[in-house]
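# Remarks on the overall topology
If you want the building blocks of each chain, they are given just below.
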Amino acid sequence: MPVTPFKVTDNYRYLNGFGGYKESEAVDGALPLAANSPQKCPYGLYNEKLSGTAFTAPRDENKQTWLYRILPSASHQNFQPVPAESSQSLTSPTPEFGKHFNAIPNQLRWDPFDFDEKSTWIHSLHLVAGAGDPQMKQGLGIYIYAAGTSMPEKSAFYSADGDFLIVPQHGTLDIRTELGRLLVRPNEIAVIPRGIRYNVSHTEPVRGYILELYQGAFQLPELGPIGSNGLANARDFQTPVADFIEDFSGDNTWTLYAKFGGNLFSAQQNHTPFDVVAWHGTFYPYKYDLGRFNPVGSISYDHPDPSIFTVLSAPSHAHGHGTAVADFVIFPPRWLVAENTFRPPWYHRNTMSEFMGLIGGSYDAKGAGKGGFQPAGASLHNTMSGHGPDMQTFEKASNGDLPPAKVGEGSMAFMFESCLMLGVTEWGLKTCAKVQESYNEHSWEPLKVHWKRPESERGLSGREKRNGVGDARDGSSVHDIK
Ligand SMILES: [Fe+2]
């Protein structure tokens, strides 16, 4: 399925712009003027503060939103653990730190993950890989979701563990959040911050990828010498407007699911959680159309590091300046014009871990088709695990002509890159049954030796060594093998 950028937005209404203070009211006058917490809120609403950072976080990092709603979110029955056999349970709960994650240095690649016609959103969240611990608010989790049916209309889900960065690969997600509605299509992404309650519905099976960020928040990367525009432009991010339901019938027909410390809980409540009539603040969900990304690249020789394609970045100050606990990077359609250059990515070992997925089309550095890097599949090149173009890609790219060429047309590959070593869950390694056992055997073991020793720099061939020619003990002068 080729991926094409959207030229128009969908039919929901949005507030444009990345970050900053926003406000929205579904009923005129629902936001109090000046006071955040008046003795009586307009129209008999309750106010509630939703804090996404510590109260005292610096101004430019502070994320707090005031909600004006029909009933406060605290009004629900006790949470109970969701039994593992429930059709709503998490299929692969977050492993406890140091346990169950398989940290292995092999390069991993997965065939496309299956659709699951029977699952709804929550049950379809398959934790594939991760690092750290949501209880310590450190690290991240990577999920594959594949749901066949919508969440029940009177249900809502939130994760106390982190922010969800959702990357749909197939099917449109209709997401009703407390703060408003988002339609998220393949080639778009959405971020739903920690704690915000939402319901996911869809008219066809859906499938995609999620990065859950246990620490910090995504921000736009600095642009440095690129200047004030480029890559993902701030104005193209879209935040929903306030939109609410009136359902406070009194019977406990609403089910609220919470992912809390990696485990799932549910509680009943007698009113809809989607009753926010107005809100203002800096903590809210948003979406972005990847087709609007403005790539920058080389116009002479070589190509810049793939960080040039960063859409969003969540810094980890503990790991040093410029280091991210999670970068979201895309490989969009673009022109390659560099002369005398090996144009695919170079061979690489990285202290950062690289988890890649493919939304559609084919990625220019890897063979496509069955057994290759396919849409809805994935790969993981962990800390210091070597990777790069496969044999066929190398041979083609190092021998072909180099006219200006458009690559990635109709395609969108992406990378979740992290400074953390990623572990793989049992589901990711075994249960899903999608790991390509011969990934390395097909990709890099067949790489040919092109090395030819220059005549003037004669060293010892293996045969000469065996014949004793040039043995240092007989005093002959030879160069060491370099
Ligand atoms: Fe790499």
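The rules behind the values
Residues numbered from 1 in each chain as written. Predicted model: local features only at pLDDT ≥ 70, side-chain atom pairs only at ≥ 80, totals over all residues. Helix = DSSP H or I, 4+ residues; strand = E, 2+ residues; numbered from the N terminus. Domains from an automatic or database assignment. Contact = placed C-beta atoms within 7 Å. Nonpolar A, V, L, I, M, F, W, Y, C, P; charged D, E, K, R; others polar. Buried ≥ 20, exposed ≤ 12 C-beta atoms within 10 Å, placed from the backbone. Pairing = 2+ DSSP bridges. Core = buried A, V, L, I, M, F, W, Y, C linked by C-beta atoms within 7 Å. Axes fitted to C-alpha atoms, helices over the stretch in contact; angles between N-to-C directions. UniProt positions renumbered as here; feature names shortened; annotations may be inferred.

Glancing now at the overall build of the chain. Each helix and strand in the chain was counted, giving 4 helices and 28 strands. Dimensions along the principal axes, computed over C-alpha positions, put the chain at roughly 100 × 50 × 40 Å.

As far as domains go, the chain holds domain 1 (14–104 + 113–290) and domain 2 (293–443). Placing a centre on the C-alpha atoms of domain 1 and another on those of domain 2 gives a separation of 28 Å. Residue-level contacts link 42 residues of domain 1 with 37 residues of domain 2. Residue assignment for the side of domain 1 that touches domain 2 shows that the elements contributing at least two residues are β7 (125–133), β8 (138–147), β10 (163–170) and β15 (206–213). Sorting elements by how many residues they give to the side of domain 1 that touches domain 2 places β7 first, with 7 residues. The class makeup of the residues in the side of domain 1 that touches domain 2 is 25 nonpolar, 16 polar and 1 charged.

A few words on the pairing of β8. Burial analysis of β8 places 9 of its 10 residues in the buried class, the great majority of the element. Here β7 hands over to β8 after 4 residues, with K137 in that stretch at a positive phi of 50 degrees. Of the strand pairs in this sheet, β8 and β15 are connected by 8 bridges, and their pairing is antiparallel. Within β15, the position partnered with A147 by the bridge is V206.

The next subject is the environment of H170. Mapped onto the elements, H170 comes out in strand β10. Separated by 38 residues in the primary sequence, H170 and G208 have C-alpha atoms spaced 6.4 Å apart. Setting aside chain neighbours within four positions, we find H170 in contact with P186, V206, R207, G208 and A376.

Most often, soluble globular proteins have nonpolar side chains that are buried together. Y68, L165 and F414 are the most contacted members of the largest nonpolar core, which totals 108 residues. Each of two domains, domain 1 (14–104 + 113–290) and domain 2 (293–443), supplies a minimum of three residues to this core. In contact with F414, not counting residues within four places along its chain, are V167, F328, V329, I330, F331, M356, G357 and I359.

Here the focus is the environment of H280. Position of H280 among the secondary structure elements: in strand β19 (residues 276–281). On a C-alpha basis, the gap between H280 and H317 in space is 29 Å, while along the polypeptide they are 37 residues apart. Those residues in contact with H280 that sit more than four places away from it in its chain are E23, L31, T65 and W66.

Here we take up the sheet that holds strand β22 (residues 324–331). Taken in spatial order, the 6 strands of this open sheet run β6-β25-β24-β27-β22-β21, and their pairing is antiparallel. The open sheet is flanked by β6 (108–110) and β21 (310–315), the only strands paired with a single partner. Across the sheet, the axes of successive neighbouring strands diverge by a mean angle of 10 degrees, strand direction being ignored. Here β21 runs beside β22; their pairing, made up of 5 bridges, is antiparallel.

Let us look at the sheet that holds strand β4 (residues 64–69). Taken in spatial order, the 4 strands of this open sheet run β2-β19-β4-β3, and their pairing is antiparallel. Whereas interior strands pair on both sides, the edge strands pair on one side only; in this sheet they are β2 (22–25) and β3 (46–51). Averaged over all neighbouring strand pairs, the angle between strand axes comes to 20 degrees, with direction disregarded. Of the pairings in the sheet, the one linking β3 to β4 comprises 6 bridges and is antiparallel in character. Each bridged residue has a counterpart across the sheet, and for L50 the counterpart in β4 is T65.

Our focus in this paragraph is the UniProt feature "binding site: Fe cation" (unreviewed entry) in the chain. Mapped onto this numbering, the UniProt entry gives "binding site: Fe cation" (unreviewed entry) at H348, E354 and H387. Judged by maximum C-alpha separation, these annotated positions cover 40 residues in sequence but sit close together in space, the widest gap being only 10.9 Å. Inspection of the secondary structure assignment puts H348 in the loop between β23 (334–336) and β24 (353–360). In this structure H348 comes out as partly exposed when scored by C-beta crowding, with 14 C-beta atoms within 10 Å. Among residues more than four places away in sequence, those in contact with H348 are H387 and G388. Inspection of the secondary structure puts E354 in strand β24. Once residues lying within four places of it in the same chain are set aside, the contact partners of E354 are H381, M415 and E417.

Before going further, it helps to examine the environment of Y209. With respect to the helices and strands, the residue Y209 is situated in strand β15. The class for Y209 is buried, based on 25 C-beta atoms found within 10 Å. Once the C-alpha coordinates of Y209 and D390 are considered, the two residues, 181 residues apart in sequence, prove to be 24 Å apart. Those residues in contact with Y209 that lie beyond four places of it in its chain are I144, V167, Q169 and G357.

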